[in-house]
Amino acid sequence: DVSLIRAEIDLLQGDVQTAYFMAEKVLENTSDDLMFHAVHVFLQAAQESGHMEEGISFLQQKAESMPVSSQVFWLVLLEDRYNLDAVYEEQQNWDKSIKILEKITEEYKTEYRACIRLAYVNYQWNNDRRPADRTYKQVFLWYEKAKEIMEQSGINEEKDADMVQLKKIISQLEELGWRAE
């Protein structure tokens, strides 16, 4: 699709407004297969041009008007939110990371991975603080929420590597005297 190619070129050149217009045309007038590629290209270009948050926001607005049958779109958007979270974690921008992950938990009620990530981010954030300012309450709360979702979904905690690692962290915190309050 010419509009898709144009959107990619515009984003790579930093013309975000034109890219949004072109992406909108693509997303409103394509099959699921092309839409998947369009969303992926759009978000990749948005990230490379430094407009990832704007890109996700734009796509979120567009998604609200799309048919529910376009599940592929939501999966790509969710995965790109996790990618943005990883960027913020690498930068140790804990507030933005937490904000993105909390948004995921609000919109995807059965997404236990976001709860696990939130526990990790809160753990890392507390470790960066002075010992007197540390509180691991949110680590315990998100751990419990992840366990609850996994249990309700029939997912075995022992088969999820991230959950197994988080359990070890919880055990270490408890051994050090930290408790869920």
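First, a word on what this report is: a plain description of the structure on this page. Nothing here was measured: the structure is a model prediction, and the numbers come from that model.

Looking now at the overall build of the protein chain. From N to C terminus, the protein chain includes nine helices and zero strands. If you list the helices and strands of the protein chain from N to C, you get α-α-α-α-α-α-α-α-α. Across the 181 residues in the protein chain, those meeting the buried criterion constitute 43%. Contacts in the protein chain between residues far apart in sequence, at least 24 positions, make up 56% of those at least 6 positions apart.

A few words now on the nonpolar core. One finds Phe42 and Leu166 to be the most contacted residues of the largest nonpolar core, which totals 44 residues. When residues of this core are assigned to their parent elements, the largest contribution, nine residues, is made by helix H7 (residues 112-127). Not counting the four nearest positions on each side in its chain, phenylalanine 42 is found in contact with Leu11, Ala19, Tyr20, Ala23, Gly55, Phe58 and Leu59.

Right, let's talk about the environment of aspartate 162 for a bit. Structurally, aspartate 162 can be placed in helix H9 (residues 161-175). Apart from the residues lying within four places of it in its own chain, the contact partners of aspartate 162 are Ile116 and Tyr120.

What follows concerns the side chain of asparagine 126. Mapping asparagine 126 onto the fold places it in helix H7. Relative accessible area serves as the criterion here: at 1%, asparagine 126 is assigned to the buried category. What asparagine 126 contacts, discounting residues up to four positions off in sequence, is Asp133, Arg134, Thr135 and Tyr136.

Rules used in this analysis
- Within every chain, residues take consecutive numbers counted from 1 along the sequence as written.
- Selection of residues for local features in this predicted model requires a pLDDT of at least 70, selection of side-chain atom pairs for listing and counting requires 80 or more, and totals for whole chains, interfaces and linings are taken over all residues.
- The basis for the side-chain values is all heavy atoms of the structure; hydrogens and waters are excluded.
- Secondary structure elements follow DSSP: runs of H or I of four or more residues count as helices, runs of E of two or more count as strands, with numbering from the N terminus.
- Only protein chains enter the accessibility calculation, which uses a 1.4 Å probe. A residue is then buried if its area is under 20% of the maximum for its type, exposed if over 50%, and partly exposed in between.
- In what follows, a contact means two residues having at least one pair of non-hydrogen atoms within 4.5 Å.
- Buried Ala, Val, Leu, Ile, Met, Phe, Trp, Tyr and Cys residues that are joined via side-chain atoms within 4.5 Å together make up what is termed a nonpolar core.

Just distances and angles here, no functional claims.
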